[in-house]
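# Descriptive structure summary
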Amino acid sequence: MTILDGKKTSNEIKEEIAEHVKSIISKGKKVPHLAAVLVGSDGASMTYVNAKVKACQQIGFKSTLIELPEYTSEAELLEKIHELNTNNDIDGFIVQLPLPKQIDEQKVLLAIDPDKDVDGFHPTNVGKMTLDLPTFLPATPFGIIELLERYQIETSGKNVVVMGRSHIVGRPISILMSQKRQAGDATVTVVHSRSKNLIEITKKADIIVAAIGISEFLTGDMVKEDVVIIDVGITRVPDATKKKGYRLAGDVHFESVSQKASYMTPVPGGVGPMTIAMLLKNTLLARKRHL
Ligand code: GUN
């Protein structure tokens, strides 16, 4: 079994972007500037946003972190988005999800200028993606495509089973992998919480993208020999033997599935770092568009 090393691949991508930044600087032009909005103090969201900001600093992007309190109203957040939309120094920005209950997520995503929507969540960008038009691809699915491409995993004509239909991962990756494109041309099946005879479906999969958010759900008996596994899940599982009191687990039971898989992403160090690298790639694209 070969590990699909997202950490190593994301570092390669970050080095490529850092080279671009150097050339931008040498031409006396403005470096890309990413802003991230975090509402509240959810532990996982704070970790992700801090990792995104740190990655910007590593490669020479400018970054701004906007932290708003948990009780922020929808109107206040919309006002902040308006500011970011109209601030010419900012090339792209993200609003970290999930948002507190009092805020309507769809309203917020609709308010973001599609040209600055480096998460690719605005309906305009989702529509463009669906129609094979150039746009910002959502970072996690984009990262999965890039990882499959760089490891030269054949996807054409393969049975891909996507587990989960979220707007952030399941839905977009199912669209992308069925398209005529690199890491595409696959026969895609989407399974979710209402699917019946799950094992029958997963056992026929050449490639499985697990994005359901249930730790270690996919086990060895559910997959066939030589399956390629992309594990998007990352959950904190209580573990008294760890200093932090928890360990990170994916949606895939690594021990049993790795006995059969040909390629597999680890958790952590698989899809997670790729998501960050692709966000940076989108921000670079946003900067180029604004030139
Ligand atoms: N929450 C989980 N994944 C993401 C992501 O890729 N972008 C944003 N904005 N929020 C998320």
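Presented here is a report on the structure given in the accompanying data block. (Residues numbered from 1 in each chain as written. Predicted model: local features only at pLDDT ≥ 70, side-chain atom pairs only at ≥ 80, totals over all residues. Heavy atoms only, no water.)

### Here's the deal with the pattern of salt bridges
Tallied over the entire structure, the rule returns 14 salt bridges. Asp-91 serves as the salt-bridge partner of Lys-30, at 3.0 Å between the closest nitrogen and oxygen. Of this pair, Lys-30 sits in the loop between helix 1 (6-26) and strand 2 (33-39) while Asp-91 sits in the loop between helix 3 (74-86) and strand 4 (92-95), placing them 61 residues apart in sequence. According to the relative accessible area criterion, Lys-30 is partly exposed, its value standing at 26%. Residue Asp-91 is classed as buried on the basis of its relative accessible area, which comes to 0%. Where salt bridges share partners, they join Glu-16, Glu-146, Arg-150 and Lys-281 into one cluster. (Salt bridge = Lys/Arg side-chain N within 4 Å of Asp/Glu carboxyl O. Helix = DSSP H or I, 4+ residues; strand = E, 2+ residues; numbered from the N terminus. Buried < 20%, exposed > 50% of the residue type's maximum accessible area, 1.4 Å probe, protein only.)

### Here's the deal with the side chain of Asn-282
Within the element layout of this structure, Asn-282 appears in helix 10 (residues 271-290). Relative accessible area serves as the criterion here: at 2%, Asn-282 is assigned to the buried category. If near-sequence neighbours (up to four positions away) are discounted, Asn-282 is found in contact with Val-118, Phe-136, Leu-137 and Phe-142. (Contact = heavy atoms within 4.5 Å.)

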